Amino acid sequence: MKFEDIYQFFNDPPPNYLNKELAVCYILSVLLNGESYGTELIEKLKKMQPTYRLSDTVLYGALKFLEQEQTIAGYWQKVEGRGRPRRMYQVCEDARKQSEDLARFWWAYVNREEESQAM
């Protein structure tokens, strides 16, 4: 290790991978604004919060959990120019309040992280 490695680490830090708890809150924050699908959720995170990443394993584990808890509903949608259908997800109306509460956790977490990085 050299001092320049340390500077490089802080100037261009490696991405932080979301755990399942954060992933659930992030997913709900997106789905409250409209339906989405797995790959799009990963891409939106990269674009909206470039310092964060979401692995396929954590994403699909969180989606499965949310479906089992009847917080979100998934359905298959055929997409033009694509061979196989895409699994779309949306927030269930009965779970909207709880989804909003959990989405607030995501935004509070992200804002807290941004504030600590600015120091």
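In this text, all values refer to a predicted model and were calculated from it rather than measured experimentally.

Conventions we followed
- Residues numbered from 1 in each chain as written.
- Predicted model: local features only at pLDDT ≥ 70, side-chain atom pairs only at ≥ 80, totals over all residues.
- Heavy atoms only, no water.
- Helix = DSSP H or I, 4+ residues; strand = E, 2+ residues; numbered from the N terminus.
- Polar contact = N/O pair within 3.5 Å; in protein donor to acceptor, adjacent residues only side chain to side chain.
- Buried < 20%, exposed > 50% of the residue type's maximum accessible area, 1.4 Å probe, protein only.
- Contact = heavy atoms within 4.5 Å.
- Lys, Arg positive; Asp, Glu negative; His and termini not counted.
- Salt bridge = Lys/Arg side-chain N within 4 Å of Asp/Glu carboxyl O.
- Pairing = 2+ DSSP bridges.
- Axes fitted to C-alpha atoms, helices over the stretch in contact; angles between N-to-C directions.
- Parallel < 35°, antiparallel > 145°, perpendicular 65-115°, else oblique.
- Left-handed = near helix turned anticlockwise from the far one by under 90°.
- Nonpolar A, V, L, I, M, F, W, Y, C, P; charged D, E, K, R; others polar.

A. Fine view of the environment of Ser55. Note that Ser55 resides in the loop between strand 3 (52-53) and helix 4 (56-68). Separated by 36 residues in sequence, Ser55 and Asn19 place their C-alpha atoms 9.0 Å apart. From its side chain, Ser55 meets the backbone nitrogen of Val58 in a polar contact 3.2 Å long.

B. Geometry of the environment of Lys20. Along the chain, Lys20 turns up in helix 2 (residues 20-31). Taking relative accessible area as the criterion, Lys20 reaches 39% and is therefore assigned partly exposed. Taking the C-alpha atoms as reference, Lys20 lies 9.4 Å from Phe65; in sequence the two are 45 residues apart. Residues in contact with Lys20, not counting those within four places in the same chain, are Val58, Gly61, Ala62 and Phe65.

C. Seen up close, the side chain of Arg86. Along the chain, Arg86 falls in strand 5 (residues 86-91). Among buried charged residues, Arg86 stands out as having no salt bridge; its nearest opposite-charge side chain is Glu40, 7.0 Å away. If we ignore the near neighbours within four places in the chain, the residues touching Arg86 are Tyr37, Tyr75, Trp76, Gln77 and Val79.

D. Layout of the pattern of salt bridges. As enumerated under the stated definition, the model contains six salt bridges in all. Residues Glu100 and Arg96 are paired through a salt bridge, measuring 3.8 Å at the closest nitrogen-oxygen approach. Residue Glu100 and its partner Arg96 are both found in helix 5 (residues 96-118); the two are separated by four residues, about one turn of the helix. Overlapping salt bridges bring together Glu93, Arg96 and Glu100 as one network.

E. Geometry of the pairing of strand 5. Note that strand 2 (residues 36-37) and strand 5 share two bridges and pair antiparallel. Residue pairing in the sheet places Tyr37 in a bridge with Met88 of strand 5. Of the pairings in the sheet, the one linking strand 4 (residues 72-77) to strand 5 comprises six bridges and is antiparallel in character. In the sheet register, Gly74 faces strand 5, and the bridge partner there is Tyr89.

F. How the structure looks around the packing of helix 3 (residues 38-48) against helix 4. Axis separation between helix 3 and helix 4 bottoms out at 11 Å; the angle between their running directions is 120 degrees. Our classification of the angle between helix 3 and helix 4 gives oblique. As helix 3 packs across helix 4, the resulting crossing turns out to be right-handed. Along the contact surface, helix 3 presents Gly38, Thr39, Leu41 and Ile42, while helix 4 presents Asp56, Leu59, Tyr60 and Leu63. The residue inventory of the contact of helix 3 with helix 4, partitioned by class, reads five nonpolar, two polar and one charged.

G. Structural detail: the environment of Val24. When you line up the elements, Val24 lands in helix 2. It is 8.2 Å that separates the C-alpha atoms of Val24 and Leu59, two residues lying 35 residues apart in sequence. Excluding residues that lie within four positions of it along the chain, Val24 makes contacts with Ala62, Phe65 and Leu66.

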